[in-house]
Amino acid sequence: MEFVAIVIGSKSDYAVMKECVSVLEKFDVPYEIIISSAHRSPERTKKYVLEAEHRGAQLFVAAAGMAAHLAGAISAITTKPVIGVPMNGGVLDGLDALLSTVQMPSGMPVGTMAIGKSGAINSAYIAMQILALKDKELAEKLKEDRIMKSKNVELDSIEIEKILLQ
Ligand code: RP5
């Protein structure tokens, strides 16, 4: 079965990365999520990535904070797309993780998202956009989602205009 493999560096990352999970669930996209760290459990990370790829993982989402090497370490193991999500927290509140995740050497890409919640949500969207290249039903759902987002902007505007006119 094809699925999205999410790896988070610590249990503490789940509070943010549950946003990614929620989006995938909303769109009925199969996923699995494990905790594994580039630093604390490098062997487990490598073993999981190889096994997950063998079982049908189409791409990896990797979330880590601080000296965030998880996404880069995963990209060293697989040629599947790797999406990195820098976690906020720590002294530099995610800027450290952003730079660690995004500054990959040439030929070893990590598609890096924004820090924190927006990045977690967008990691699910980018993952689905990749899957939708060969999944027409999912591509249709993504188009409908865009239409709804656009309608919501108009509805929000009408609401604010009404409040201002009172
Ligand atoms: C990173 O260090 C993790 O991804 C997490 O964002 C950060 C802090 O981890 P904990 O000390 O909360 O486990 O490796």
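Before reading further, recall that the structure is shown in the block above.
Every value quoted in this text rests on a predicted model; they were computed, and no experiment measured them.

S.K.: I keep staring at a nonpolar patch on the surface and nothing clicks. Help me out?
M.R.: A contiguous nonpolar patch, built from Val91, Leu92, Leu95, Leu99 and Val102 and spanning about 500 Å² of accessible area, is present on the exposed surface. Looking at the element boundaries, Leu95 is found in helix α4 (residues 95–102). You can call Leu95 partly exposed: its relative accessible area is 45%.

S.K.: What am I meant to see in the side chain of Asp13 here?
M.R.: Structurally, Asp13 can be placed in the loop between β1 (3–8) and α1 (14–26). It turns out Asp13 is buried and unbridged, and the closest side chain with the opposite charge, Arg40, is 7.5 Å from it. For Asp13, the contacting residues outside a window of four places in its chain are Ile8, Ala63, Ala64, Gly65 and Met87.

S.K.: I keep staring at the site of the ligand and nothing clicks. Help me out?
M.R.: In the vicinity of the ligand, the residues found are Gly9, Ser10, Ser12, Asp13, Arg40, Ala64, Gly65 and Met66. Contact between the ligand and Ser12: an oxygen atom at 2.7 Å from a side-chain N or O atom of the residue. In this structure, Arg40 approaches the ligand through a side-chain N or O atom, which is 2.8 Å from an oxygen atom. In isolation the ligand exposes 360 Å². Once the protein is present, 72% of that is buried. In terms of residue class, the shell around the ligand is made up of two nonpolar, four polar and two charged.

S.K.: Quick question: what am I supposed to make of the pattern of salt bridges here?
M.R.: A pair can form between side chains of opposite charge whenever their charged atoms are brought close. By the definition in use, this model includes five salt bridges. The partner of Asp145 in a salt bridge is Lys26, and the shortest N-O contact between them spans 3.6 Å. Here Lys26 lies in helix α1 and Asp145 lies in helix α6 (residues 136–165), a separation of 119 residues in the sequence. A relative accessible area of 56% means that Lys26 is categorised as exposed. Residue Arg55 pairs with Glu32 through a salt bridge whose shortest N-O separation is 2.6 Å. Of this pair, Arg55 sits in helix α2 (residues 42–55) while Glu32 sits in strand β2 (residues 31–35), and the two are 23 residues apart along the sequence. When salt bridges with common partners are traced through the structure, they connect Lys26, Asp145 and Lys149 into a single cluster.

Criteria and cut-off values
- Residues numbered from 1 in each chain as written.
- Predicted model: local features only at pLDDT ≥ 70, side-chain atom pairs only at ≥ 80, totals over all residues.
- Heavy atoms only, no water.
- Patch = residues over 30% accessible without salt bridge, like charges linked within 9 Å, V, L, I, M, F, W, Y side chains within 5 Å.
- Areas by Shrake-Rupley, 256 points an atom, 1.4 Å probe, with all protein chains shown as cover.
- Salt bridge = Lys/Arg side-chain N within 4 Å of Asp/Glu carboxyl O.
- Helix = DSSP H or I, 4+ residues; strand = E, 2+ residues; numbered from the N terminus.
- Buried < 20%, exposed > 50% of the residue type's maximum accessible area, 1.4 Å probe, protein only.
- Lys, Arg positive; Asp, Glu negative; His and termini not counted.
- Contact = heavy atoms within 4.5 Å.
- Near = heavy atom within 4 Å.
- Polar contact = N/O pair within 3.5 Å; in protein donor to acceptor, adjacent residues only side chain to side chain.
- Nonpolar A, V, L, I, M, F, W, Y, C, P; charged D, E, K, R; others polar.

That's the geometry; what it means functionally is another story.
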